[in-house]
Structures are given as C-alpha cells and as structure tokens.
Amino acid sequence: MRYTSLFKSLTCGLMACLLISITSADSLTMNAPDKIAPKVDIAVQGFGLEDVRLLDGPFKDAMDRNAKWLLDLEPDRFLAWFRKEANLEPKAEVYGGWESRGVAGHCLGHYLSACAMMYAATGEAVYQERTDYIVDELAACQDASGSGYLSAFPGGQKAFAEVSRGEIRSAGFDLNGIWVPWYTQHKIIAGLQDTYRYTKNPKALAVCTRHMDWIVELLKDLTPEQWQKMLDCEHGGMNEVCADMYATTGNKAYLELAKKFYDESVLEPLSHRQDSLAGLHANTQIPKIIGAARIYELTGDDKFETIASFFWDTVINHYTFANGGNSSNEAFGKPDQMAEPMHDTTETCNTYNMLKLTRHLYAWHPTAQYMDYYERALLNHILAHQHPETGMVMYKGFLDMPAKKGFCHPTDSFWCCVGTGMENHTKYAEAIYAADADSLYVNLFISSKLNWRNKGVTITQETELPAGDMTTLSFSCKKPTELTLKIRKPAWANGMTISLNGTERISEAMADGYLMLKHTFRNSDVVGLKTSMKLHRSTLPDKPVRTAFLYGPTLLAAPLQEGQMPPLLVAGSEGDILKSFTQTGPLAFTASKVAYPDGKQGRKPEDLGFIPLFAIADEPYTVYMDVFAPDQWKTQQAAYEAEQQKIRELEANSVDILLIGQMQPERDHNLTSENSTVGQFNGRTWRHAYDGWFEFDMKVLGDEPMDLQCTYWGSDRSRRTFDILVDGVKITTQTLNANKPDEFYDEIYPVPEKLTKDKTNVRVRFQAHPDNTAGGLYGVRMLKRQ
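Residues numbered from 1 in each chain as written. Predicted model: local features only at pLDDT ≥ 70, side-chain atom pairs only at ≥ 80, totals over all residues. Heavy atoms only, no water.

*Asks:* It is not clear to me how the overall build of the protein should be interpreted in this structure. Could you clarify?
*Replies:* Helix and strand counts for the protein stand at 19 helices and 33 strands. Relative to the globule expectation of 28 Å for 786 residues, the C-alpha radius of gyration of the protein, 27 Å, shows essentially globular dimensions. Here the protein holds 786 residues, and 61% of them are scored as buried. Pairs at least 24 apart in sequence give 72% of the contacts found in the protein among residues at least 6 apart. Split by element, the accessible area of the protein, about 29,000 Å² in all, is 48% carbon and sulfur. Averaging the locations of the 80 positively and 100 negatively charged side chains of the protein gives two centres separated by 1 Å. (Helix = DSSP H or I, 4+ residues; strand = E, 2+ residues; numbered from the N terminus. Rg over C-alpha atoms; globule rule 2.2 N^0.38 Å. Buried < 20%, exposed > 50% of the residue type's maximum accessible area, 1.4 Å probe, protein only. Contact = heavy atoms within 4.5 Å. Areas by Shrake-Rupley, 256 points an atom, 1.4 Å probe, with all protein chains shown as cover. Lys, Arg positive; Asp, Glu negative; His and termini not counted. Charge placed at Lys NZ, Arg CZ, Asp CG, Glu CD.)

*Asks:* Hey, could you run me through the pattern of salt bridges in this one?
*Replies:* A side chain with one charge may pair with a side chain of the opposite charge, provided their charged atoms come close. Inspection of the entire model under this criterion finds 39 salt bridges. Two residues, Glu297 and Arg294, come together in a salt bridge whose shortest N-O distance is 2.9 Å. Here Glu297 pairs with Arg294, and both are found in helix α13 (residues 282-299), just three residues apart, close to one helical turn. Comparing Glu297 with Arg294 shows no difference in burial state: the two are buried. Overlapping salt bridges, with partners in common, bring together Asp34, Asp194, Arg197, Asp244, Arg294 and Glu297 in one network. (Salt bridge = Lys/Arg side-chain N within 4 Å of Asp/Glu carboxyl O.)

*Asks:* Help me understand the packing of aromatic side chains in this model?
*Replies:* Inspection of the entire model under this criterion finds 40 aromatic pairs. With a centroid separation of 4.8 Å and 70° between ring planes, the pair formed by Tyr296 and Trp364 is classed as edge-to-face. Here Trp364 lies in helix α15 (residues 348-364) and Tyr296 lies in helix α13, a separation of 68 residues in the sequence. Across this residue pair, the class does not change: Tyr296 and Trp364 are buried. Taken together, a centroid distance of 5.6 Å and an interplanar angle of 70° make the contact between Trp633 and Tyr640 edge-to-face. The residues Trp633 and Tyr640 share a single accessibility class, namely buried. Every member of this aromatic cluster is reached through a ring pair, and the members are Tyr149, Phe153, Phe160, Trp182, Trp214, Trp227 and Phe261. Across from the ring centre of Phe744, 4.0 Å away, lies the NZ or CZ of Arg684, which sits over that ring. The ring of Trp693 carries the charged tip of Arg765 above its face, separated from the ring centre by 4.1 Å. (Phe/Tyr/Trp six-rings, centres within 6.5 Å; stacked < 30°, edge-to-face > 60°. Lys NZ or Arg CZ within 6 Å of the ring centre and 35° of its normal.)

*Asks:* Explain helix α14 (residues 302-318) to me, please; I cannot follow it from the model alone.
*Replies:* Residues three or four positions apart in an α-helix share a direction because the helix packs 3.6 residues into each turn. In this model α14 runs 24 Å from its N-terminal to its C-terminal C-alpha over 17 residues, within 8% of the 24 Å that 1.5 Å per residue would give. Looking at the packing, one finds that the buried side of α14 touches α12 (264-271), α13, α15 and α16 (368-382). Two to three positions downstream of the cap, the backbone nitrogen of Lys303 sits 3.0 Å from a side-chain oxygen, assigning the N-cap of α14 to Asp301. (Expected span 1.5 Å × (residues − 1). Polar contact = N/O pair within 3.5 Å; in protein donor to acceptor, adjacent residues only side chain to side chain.)

*Asks:* Mind showing me how you'd approach the sheet that holds strand β1 (residues 45-46) here?
*Replies:* Strands belonging to one sheet form pairs held by backbone hydrogen bonds; the direction of such a pair is parallel or antiparallel. With mixed pairing, five strands are arranged side by side in an open sheet as β1-β5-β6-β10-β13. Each end of this open sheet is capped by a strand with a single partner; those strands are β1 and β13 (514-521). Sheet analysis places strand β5 (residues 433-435) next to strand β6 (residues 439-442), joined by three bridges and oriented antiparallel. Directly across from Tyr433, in β6, lies its bridge partner Val442. On top of the sheet, α16 reaches β10 (481-488) and β13; it is set at about 60° to β10, its chief contact. (Pairing = 2+ DSSP bridges. Axes fitted to C-alpha atoms, helices over the stretch in contact; angles between N-to-C directions.)

*Asks:* I'm lost on the packing of α13 against α15 in this one. Help?
*Replies:* A packed helix pair is summarised by two numbers, namely the angle formed by the two axes and the spacing between the axes. Axis separation between α13 and α15 bottoms out at 9 Å; the angle between their running directions is 20°. Relative to α15, the element α13 lies roughly parallel. Between α13 and α15 the crossing geometry is left-handed. Contacts from Ala282, Asn283, Ile286, Pro287, Ile289, Ile290, Ala293, Arg294, Tyr296 and Glu297 in α13 reach Cys349, Asn350, Asn353, Met354, Lys356, Leu357, His360 and Trp364 in α15. Here the residues of the contact of α13 with α15 are counted per class, giving 11 nonpolar, four polar and three charged. (Parallel < 35°, antiparallel > 145°, perpendicular 65-115°, else oblique. Left-handed = near helix turned anticlockwise from the far one by under 90°. Nonpolar A, V, L, I, M, F, W, Y, C, P; charged D, E, K, R; others polar.)

*Asks:* Got a minute to help me understand the nonpolar core in this structure?
*Replies:* Side chains of a nonpolar character, in soluble globular proteins, are inclined to be buried together. By size, the foremost hydrophobic cluster in this structure holds 224 residues, and its most contacted members are Leu219, Met230, Met422 and Val527. Here this core gets 12 residues from one element, more than from any other, and that element is helix α4 (residues 106-122). Once you skip the residues sitting within four places of it in the chain, Val527 turns out to touch Thr471, Thr472, Leu473, Phe475, Leu485, Ile487, Ile498, Ser499, Leu500, Leu517 and Phe521. (Core = buried A, V, L, I, M, F, W, Y, C linked by side-chain atoms within 4.5 Å.)

*Asks:* I'm lost on the side chain of Ser654 in this one. Help?
*Replies:* Of note, Ser654 is situated in strand β24 (residues 654-658). At 2.6 Å, the side chain of Ser654 and the side chain of Arg781 are in polar contact. Excluding residues that lie within four positions of it along the chain, Ser654 makes contacts with Arg781, Met782 and Leu783.

*Asks:* Would you mind showing me how to read the environment of Arg785 here?
*Replies:* Here Arg785 shows up in the segment after β33 (779-784). For Arg785, a relative accessible area of 32% corresponds to the partly exposed category. Each C-alpha atom, one on Arg785 and one on Leu708, is 9.1 Å from the other, the two residues being 77 residues apart in sequence. The residues touching Arg785, leaving out its near neighbours within four places in the chain, are Pro705, Met706, Asp707, Pro750, Val751 and Glu753. Here Asp707 takes part through its side chain, which lies 2.8 Å from a polar atom of the side chain of Arg785.

Honestly, it's all geometry; don't read function into it.
In structure tokens form, the structure reads like this:
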C-alpha cells in the first residue's frame, strides 16, 4: 500500500547531515537584523532554519518531496502576468488554476517564501538563485510601470485608483471587481520580506520598500469610514507585513499603515474578550490576529496582546478538531457546535496560520500547552496534507464522514492551500527548539541536529516518535557548558522518564509543563527520554458519541471501501471501546468485532483497521465515527438510524450544493450580483440584495425533475419580497415575514421540467422587488424530485 514506505521511514536508522554555516541575528521570527527591537519581553528565542538540520524521518521525507516540487516549478510562469500588467512581454505561459484567475500572483509570493526558507533549511544555492531571479524580474516590472506597483491580476491599477479616490465597493471577497487584492498583496510583500530575511538579498528589501511606499501613498487620503468599508474585503495579513516592514526599516509610516489595517468588526470584540467568530470565514480572520500579535510586540499596546491571546484560547478550546484544524465549509460554526455539518473540514491554510500565531504566543509565555497544540497540528494536519509519494498537497475535507483526500495538480491548481503548502514543508525545523540565556527548550520530538552557535554546543536528536517511545539527545561541546535542559512533557504522555549517560534522573514537570535537567554538559553526554504512549479518544463537545482515536500524538484513521459510509462502533460488554483495540504494527491497530459497516446492527459486527491519518493517500477513510456503549445503543438505535437515513437520502438526492456567502463555492458557481452583501448570523453565512439581485449557476439533471431547496431564517421580516428565476423565467415569488420564528427552515420550489430538459446547469437569480430585499439566503441545493 502507499503508506508502507512512510511506515518504514518512521523506524529507519538515522544519518548525520552536514551543517552549513549561515550568519544570522537572534530574533523572534526573522533571520535578518531589525532596526526596531520588540517593546515587550520576549521570553524565548527561536533558532533560525539555518541552525537546525532535519535528519531522516517522516518530516525530512516530506521536506525532500517538497524540495523537488519547488525545483520543478518555473519562476517565469509565476511571473507571466506580472510582466503583462507592467506592459512587458511574458517569458512563459501563466500557470493554470487560481494563477490564471482574479487572485493571480498570490502563489509567486508563497513561492518566494518557500524557496528562501528552503535555502536556509538546506544551504543549497539553487533556491537562492530562484529568489534572486524573481526579485530582479519584479524590479524590472516596477521600472517598467514607473512606480512601486506590483500585481498580476488584470484590472488592478484601475481598481486601486478607484479605492484611492474613496470609491469603494466590496461584497466580502471582492474589492472593486478584483478578487481579494490585498490578500494577494500580502503574499507578495511577505515573499519579498522572507527573501531578504533568509537570503540576505538587499534588492528584495529595496523592491519591497518601493512597493510599500506606493501603498502608503495610495491609501493616505482614505477616511476611517472608507478604511472599514475597504476592510470588508478579505485582506490577509496586511497588518502583519506592514508591522514587519516597520521593524526592518524603522519607517514609522509602515507602523501607522499596520494600525489602519484594523478590521473593527472582528478585532474590537476580541479586544474586549468577546467571541463573535460564529459564521465568519475562518482563515480571513487568523492573519489579522497574527498582525495584532506583531503590533503588540513592536508597540507594547496590551490591547493587541488581548486580541491575540483571547483569539487563540477561543479557537483552540471551542473550534478545534482532533487534527488541530478548524472550520467546516471554511467557516467557524457556533462555539462547541462541531458535529454538523462535517463538510469541507479543516482548511489547511487555517492551521498554517494558527501555527504562526502559536509561535508568537509561545515566545511571550513558553508553556507546554502551546507546543502540545503545535505538535498535534504539525503531525496530523500539516504532514497529513501532503501526498506521501507525489508531494502534492490538499486543501480541505480531512475529517468529512466519509473523507477522501483531494490533492492538487502540480501546475493547474494553485489554491490558497497550495501556496501555504509550498511553505509548510520547508520549515518543520522552526519550533523544535527554543532558548533563553541559559536554557534550551526541546519542544518537538523530530530527528534533527541543532547548532547552538553562541554556546558552542551541537545537539543531535534521534527519535523513534511517533512510532516508538525512545528519544536521545547527544551533545557535542567545544568546552564544558552549564545548561538547563527543559524538555516538554507531552499532554498525551502516559509517563516520561529521563536518563543522563544511562543513569535515570528524577524529574517532575514544572508548572510550565517542562521537565528540567540542569547539568554541565560535555562531549558525548547523552540524554535519554522514554515517553510512554497509549490509545486515547477525542470527542466532539456537542455530540460526545462522535469519536476520533489517537495513539500518543498520532491521529488514527480507518480506511474504507469506495462508497462505504463510516461505520458505527458499539463497545463490548464493558462499555470501553479501547479494550477492543489490538496493536498490529508500529502505528497500526485493529478494533475487533465492534464495527457495523452499514451503520446498523443488522448483522454481526466486524473488525475495523486503523492507520495514521498522515499515512493515508488515495483511499477513502474516516477519522470520526459514532461510538456507543451497549445500553446506550439500545435506547438510541431507532432515532440514530432514522437521522442517518435522512442524511443519506438528502445527500443521495442532492445534485448540487452552493455554500452561499463562501468565497470558493461562490466562485465555483459563477455568482454575480448587484447591491448584494454577505454576513453571518447564528453560526451561518447569508447573502441578500437590497433593491438588487444575485445569481449563480446550479447543476441539474436534464432527464429528471428538479426541485430548488432554499434555507431561510424564520424570523426575517420587513420588506423582504423577491422573485426567484431560473434561466430568466420566474418560478416563484417569496415573501419572508417571520414565517417560522427563531428557527432555520427550508422551502422547496419545483423547477418546471422544460427549464432543465437536456441541460447540465441553469442560472438561478434572486431578484428583489423595488425597495425590498432578496433574502437572506442561508443555503441552496438542487435536488432530484421525490
């Protein structure tokens, strides 16, 4: 099977690797020295990627696969539309997917970041050659355009000129007709910054500075009200990169710009410790919080610390699934309401950004809880989103019931999670270790070699984790060095023992969750760690029977047959489902005679196998499944089976589903509108149009009768009368006037067969009556008529 080679890499012997010296300055998140130091206490510093080399194991394998893909990609194809927008002849055909659409250019920024970090992580000059070439080309584009402007999406200069004049239009994911332009600008600026940080190319900073100055000039006359209207459109982490440029250059205009990229609707409630996240597009928000964390570090303003810390606590404790990811259908639901819907779960970009935020909070308060989360997300989401053979990466849908991973095309996808995916597998070394003046923190158990330059100490970590329980830390010292070694005791550990040169040492976890060993280390000293692992469960707060299984830090998945629904499990007479598990390999288990594959107790229970989620490639699978104790199942069987049957019938009859108000689904359905806006209520996203309209494509079956199902909030009222048209023909007039107070409900509209006959899709339009509002619409499906 495809995961066999990955299993082998978990238990193979480890080789030492060559350390390549690259001069760097100590810093929280950057390798190049800054002009502006943090104004707050940074308790621990991370090590640069050039100071840590991965050794053989699953993370090194993932980095190697990613390295090959980066070199297969062609810079001139990423640059094609940058040159076109600068009136220069493209040197190659633009890539497909998102790079040939309205978000063109975002992956060039990610590619710059990935190549710059891969250079730092490996020392291989070929990656620096890539970044140098791209920087030269971007400088040529600026020279040709006569300004600092850098963009690849068509119509950008016209749209930005309108914004500069205060003529601002946005429906959430578009700004003056351009798909998330500031989101794309964030990626370009971040790529240039990373190139400067990791490769020390001064031209990258010069190009970035010229571009930043263009932005300052562009937005200088906007009023506060115009700023907030502009920020209705997703704008990535513009506040973060502006703050970073202030730190790098000392130019206060960039800090002021960072503070203006402040979305009051989201950040103000968080600053007062209010959770208002329900229904929001999840990854739109996380970069804003990272920017708040960076502004806190550079200004000491406690308001921004509150935003960052409260957001992290809220998301981790109330919105996070077993793999460390969050969101369904790309959005936050209600807090602690995660069981339904489990569709398009845990977008990878979200976790990329949550890990970035975690590194900031950990630097302020180095406690084990941050690295417990970091480990879970890194192992079970980031590693799991890469194909274990091809190196291609996944967008979302990890925990759907059932799930099947969908990986990108190497040259014709370039979704957001492809861009962050290029970076994910270059920087596994980023958080393995940290240090203060006299202590070394061992945060993650990943085979690696650390060169602690200013101490003259090299530490080689060799670990069997996650497949085995042993880890060793071997010291090489230029001279005897007194250090305090702080080793994270994982929250999943059933126990942890430490030995020094073969002699067990007594050590208990401190309040920060770390085991502490103080010693004068000498050449050839070896610290041994034994971390006992056990099976344990993770359940959903709103549906405790819905269960995921982990072994130590590793999230397990049950491979399924094509078309098979997730089985339900009924524990044995003891009621403890874990007693049915037998370990059959390093990270493989079988649950014996507890699974009902068809979701019913209609026949004898069967065995169910489990392997790591990160080892799954192309097989269908499930991570979550419903688990009952025998007595519990007797009382709930009828209701459960009826509920599951209803869900199966709805899915079987659904020809098309539009997740209204969500960026990618609306793009996929070619939604257009006039006087239309989106918003969130009660954990769901809506769209409406006042004195206007919105319309979209829906798939149909040309030889079967179709029904259109629309979801509304039953308390909506007051001038909400609108027509629904299919291919220009009105099929109904709907009035919302508190039709079903305080609940969501569905209306079914039969579509005349003559409108769908011999067609594969139709155009559905919601048209408001004069001085009325069409919607709000909370969901729409095209169904086979029953």
